[in-house]
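Inside the fold
Spelled out from the first residue to the last, the chains are:
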Amino acid sequence: DKNNVQMQQKIANTKNLLVDALKRMHLTMFSYHDTKTKDAGKAWDHLSAAYRHKMSVLPPWNGQQEMQRVAMVKQVFTRGFWPDDVGSDSQVPIFIIGFVRSGSTLLERILDAHTEIVGTGEDSVFNGQLDYIRNNIVEASLSQNPITIRDTVKDLADGVVRDMRTKWLTLEANNPTNKNPKRFADKMLTNYMNVGFIHMLFPNALILHVAREPMDSVFSAFKHDFPPGTLDYTSEFPGLSQLYLGYREIMEHWDNVLPGRVTHVRYEDMVEDLPGVARALIDATGLPFEEDVLQFHKKKQAVNTLSTTQVRKGIYKDHLKSWMRYEEQLQPLVDLLGDKVQHGYKTTLPGYRTQKKE
């Protein structure tokens, strides 16, 4: 009866609140031991306890669904999928993609420090319109009329650029920067799934893929408690490993079917050779270099990610290979990643050469 349902709901709500409180307490203790006492054993015990509580109230990870998503993208976007002479000539959008905790906020802030580039934060305009874009492309394709397809794609691309500018004007009204942007950095990491649509609308736009050392990236994702959603499952090894392996599979797919289309930027190159990467990065946008870009951490921008604090400190190297402190505890995750525990990405910004270590 109704009273019983209400009682069950009340019990569930109370349990969720209790679980959340326990999770937060253990995460605080993890942070304390991780950064203050440097006791890796105690830190890991608290991190594990936090996530046992968190996962106890969530439905099991649906690995099959993730595998199907990846397979579907690969099945649809094959060589020859993209018609000639379709898409906008615009280079206004700059798309930033990658796995979570890969250094994308750092890349966006470097771009945003340029007077003619604006980073619009996590809320991707392109991603927000993806369903509309997909539906319209499918509908136009059914007409089998090349002119209809071309006009539809051009209109969709123009709409994305227009909405990027509108979003910027709203941000500018609340937080004036007095910029006159010629480029908008659109950051939505999961857009690695959508490179096929990005390329169709904007065949000339820069697509930047931030690639970080795999174990550093997945460990950083694992120890961060993301807002509720798919990323909840980065708090357990099976979900985390499958999300990461799916990401790597899709990125390899784009490099196969659209060779050279995605520009890779190694996070470690950004950290160890900021001047070199920043110069090549701005060159790739087609804009003149500005020395102030190297002082990106002093610029004001509404950053709204977990990386905010780190980025405002500027470049720091003490977290490279930070996963090694927990190498023993992370061994099952290493095993799940298999040969993807390494990646062969090199920074492919035109003219850039990775600095050799002394």
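The structure we're discussing is the one just above.
Let us look at the structure shown here. (Residues numbered from 1 in each chain as written. Predicted model: local features only at pLDDT ≥ 70, side-chain atom pairs only at ≥ 80, totals over all residues. Heavy atoms only, no water.)

**Points about the overall build of the protein**
Filter applied, for reference: The helix count covers DSSP runs of H or I at least four residues long, the strand count covers runs of E at least two residues long, and both are numbered beginning at the N terminus. Only C-alpha atoms enter the radius of gyration, while the globule expectation follows 2.2 Å times N to the 0.38, with N the number of residues. Relative accessible area decides the class of each residue, using a 1.4 Å probe on protein chains only: under 20% of the type maximum gives buried, over 50% gives exposed, and in between gives partly exposed. Note on definitions: a residue-residue contact is assigned when non-hydrogen atoms from the two residues lie within 4.5 Å. Computed with a 1.4 Å probe, the accessible areas rest on the Shrake-Rupley method; for each residue, only the protein chains presented here act as cover. Under the counting rule used here, the positive set is Lys and Arg, the negative set is Asp and Glu, and His together with the chain ends is not counted. To locate a charge, take NZ of a lysine, CZ of an arginine, CG of an aspartate or CD of a glutamate.
From N to C terminus, the protein includes 14 helices and 5 strands. Taking 21 Å as the expected radius of gyration for a compact globule of 358 residues, we find that the protein reaches 22 Å, a close match to that expectation. With respect to the three principal axes, the spread of C-alpha positions in the protein is 65 × 60 × 45 Å. With 358 residues in all, the protein has 52% of them scored as buried. Contacts in the protein between residues at least 24 apart in sequence constitute 83% of all its contacts with a sequence separation of at least 6. When the accessible surface of the protein is totalled, it reaches about 18,200 Å², and 52% of it is carbon and sulfur. The protein carries 44 positive and 44 negative side-chain charges, and their two centres are separated by 4 Å.

**Some words on helix 4 (residues 104–112)**
In terms of burial, helix 4 is a largely internal element, 9 of the 9 residues being buried. For helix 4, the full list of buried residues reads Ser-104, Thr-105, Leu-106, Leu-107, Glu-108, Arg-109, Ile-110, Leu-111 and Asp-112.

**Here's the deal with the sheet that holds strand 2 (residues 117–119)**
Strands in a sheet are paired, the pairing made by backbone hydrogen bonds, and the direction either parallel or antiparallel. This is how the line gets drawn: Two strands pair under a simple rule: DSSP has to find at least two bridges between them. Lines fitted to the C-alpha atoms define the axes, with helices restricted to the stretch that makes contact. Angles between their N-to-C directions range from 0 to 180 degrees.
Reading across the sheet, the 5 strands line up as 2-3-1-4-5 and stay open at both edges, with parallel pairing between neighbours. The outermost strands of the open sheet, each flanked by one partner alone, are strand 2 and strand 5 (263–266). Geometrically, the sheet is characterised by an average inter-axis angle of 25 degrees between neighbouring strands, direction not taken into account. With 4 bridges joining them, strand 1 (residues 93–98) and strand 3 (residues 183–187) adopt parallel strand pairing. For Ile-96, the partnering residue across the bridge sits in strand 3 and is Lys-187. Helix-sheet contacts for helix 7 (residues 146–174) involve strand 1, strand 2 and strand 3, and the interaxial angle to strand 3 is about 90 degrees.

**Regarding empty space enclosed by the protein**
One way to see where empty space is left: roll a probe the size of a water molecule over the atoms. What counts is decided by this rule: The way it works is a 1 Å grid over only the protein atoms, where trapped points that fit a 1.4 Å probe form a cavity and open points with protein on both sides within 12 Å along at least five of seven lines form a pocket, and then any residue with an atom within 4 Å of a point lines it. Grid points are joined across faces, edges and corners, and a volume is the space filled by probe spheres set on the points.
Applying the stated criterion across every chain, the model contains 1 cavity of 30 Å³ or more. In this structure, the largest cavity occupies an estimated 40 Å³ of space. Considering the residues around the largest cavity, the lining is formed by Phe-99, Ser-102, Ala-211, Arg-212, Ser-217, Tyr-244, Tyr-247, Arg-248, His-343 and Tyr-345. Broken down by element, the residue count for the lining of the largest cavity peaks at 3 residues, all from helix 10 (residues 237–257).

**Section: the environment of Pro-60**
Residue placement: Pro-60 occurs in the loop between helix 2 (40–55) and helix 3 (63–76). For Pro-60, a relative accessible area of 75% gives the class exposed. Taking the C-alpha atoms as reference points, Pro-60 and Tyr-233, separated by 173 residues in sequence, lie 8.9 Å from one another.

**Structural notes on the packing of helix 9 (residues 214–223) against helix 14 (residues 327–337)**
Using the following cut-off: For classification purposes, angles smaller than 35 degrees are called roughly parallel, those larger than 145 roughly antiparallel, those between 65 and 115 roughly perpendicular, and all remaining angles oblique. Here a crossing is called left-handed whenever its near helix is offset anticlockwise from the far helix by less than a right angle, and right-handed whenever the offset is clockwise. Amino acid classes used here: Ala, Val, Leu, Ile, Met, Phe, Trp, Tyr, Cys and Pro are nonpolar; Asp, Glu, Lys and Arg are charged; the rest, including Gly, are polar.
Across the interface, helix 9 lies against helix 14 with an axial gap of 11 Å and an inter-helix angle of 125 degrees. With respect to helix 14, the axis of helix 9 lies oblique. Viewed along their axes, helix 9 and helix 14 form a crossing whose handedness is right-handed. Packed against helix 9, whose contacting residues are Met-215, Val-218 and Phe-219, the element helix 14 presents Leu-330, Leu-333, Val-334 and Leu-337 at the interface. Across the contact of helix 9 with helix 14, the residue classes break down as 7 nonpolar, no polar and no charged.

**Brief notes about the side chain of Thr-285**
Note the cut-off: Each polar contact in these results corresponds to two N or O atoms within 3.5 Å; when the atoms are within protein, one needs to be able to donate a hydrogen and the other to accept it, and residues that are neighboring in sequence are counted only if both atoms are side-chain atoms.
Topologically, Thr-285 is positioned in helix 12 (residues 274–285). Look at Thr-285 and you get buried, because its relative accessible area is 4%. Among the polar contacts listed, one links the side chain of Thr-285 to the backbone oxygen of Ile-282, at a separation of 2.6 Å. Excluding its chain neighbours within four sequence positions, the residues that come into contact with Thr-285 are Ile-94, Leu-111, Ile-117, Arg-183 and Leu-206.

**With respect to the nonpolar core**
Short version of the rule: In this text, buried Ala, Val, Leu, Ile, Met, Phe, Trp, Tyr and Cys residues form a nonpolar core when linked through side-chain atoms within 4.5 Å.
If you look at the biggest cluster of nonpolar residues, it comprises 74 residues, and the most contacted ones within it are Phe-99, Phe-126, Leu-201, Met-215, Trp-254 and Leu-330. Tallying contributions element by element places helix 10 first for this core, with 9 residues. Once residues within four sequence positions are removed from consideration, Met-215 is found in contact with Trp-323, Leu-330, Leu-333, Val-334, Leu-337 and Val-341. The next biggest cluster of nonpolar side chains, apart from the first, holds 30 residues, and it includes Val-210, Val-265, Leu-281 and Leu-287.

**Looking at the pairing of strand 3**
Of all 5 residues that make up strand 3, 5 are buried, and the element is covered over most of its length. Across the two faces of strand 3 the burial is the same, with Arg-183, Ala-185 and Lys-187 and Phe-184 and Asp-186 all buried. As paired elements, strand 2 and strand 3 share 3 bridges and run parallel to each other. Within the sheet, the bridge partner assigned to Val-118 lies in strand 3 and is Phe-184.

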